[in-house]
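So the chains spell out like this:
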Amino acid sequence: MKIADIPVNVMDGIEKYPKVFAAVAFVAFGLGLSSAFNQSPSGIWVMTAVLAIEVAAAWYVGKPK
């Protein structure tokens, strides 16, 4: 696998389950936004972790078998 294939695989994974990935991203950004208003850096780290897990899941779903 080439590094250049990773973004393609992520987009393929998101295309397979767009509603699930959109809902997770919406919740993660809401969490980060509320943490920013409350000036809580721990919430922003949690948002970053959730988005990283989402990208990893999209890559796993979208990679060729």
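**Concerning the side chain of E54**
Part 1 of the reasoning: Positionally, E54 belongs in helix α3 (residues 41–62).
Part 2 of the reasoning: Nearest to the buried, unbridged E54 among oppositely charged side chains is K19, at 15 Å.
Part 3 of the reasoning: Excluding residues that lie within four positions of it along the chain, E54 makes contacts with F21, A22, V24 and A25.

**Structural notes on unusual backbone geometry**
Part 1 of the reasoning: The phi dihedral of Q39 is positive, around 55 degrees, even though this residue is not glycine.
Part 2 of the reasoning: In this fold, Q39 is placed in the loop between α2 (18–37) and α3.

**Points about the environment of I6**
Part 1 of the reasoning: For I6, the location among the structural elements is in helix α1 (residues 5–16).
Part 2 of the reasoning: What makes I6 partly exposed here is its relative accessible area of 35%.
Part 3 of the reasoning: Once the C-alpha coordinates of I6 and G62 are considered, the two residues, 56 residues apart in sequence, prove to be 9.1 Å apart.

**A few points about α2**
Part 1 of the reasoning: Between its first and last C-alpha, α2 extends 28 Å over 20 residues, near the 28 Å set by a 1.5 Å rise per residue.
Part 2 of the reasoning: If you check which residues of α2 are buried, you get F21, A25, A28, G32 and S35. Seen along its axis, α2 keeps its buried residues to an arc of 90 degrees; they face one direction. Away from its buried face by more than 90 degrees, α2 exposes K19, F26, V27 and F37.
Part 3 of the reasoning: On its buried face, α2 is in contact with α1 and α3.

The rules behind these values
Residues numbered from 1 in each chain as written. Predicted model: local features only at pLDDT ≥ 70, side-chain atom pairs only at ≥ 80, totals over all residues. Heavy atoms only, no water. Helix = DSSP H or I, 4+ residues; strand = E, 2+ residues; numbered from the N terminus. Buried < 20%, exposed > 50% of the residue type's maximum accessible area, 1.4 Å probe, protein only. Lys, Arg positive; Asp, Glu negative; His and termini not counted. Salt bridge = Lys/Arg side-chain N within 4 Å of Asp/Glu carboxyl O. Contact = heavy atoms within 4.5 Å. Expected span 1.5 Å × (residues − 1). Arc of directions from axis to C-beta.

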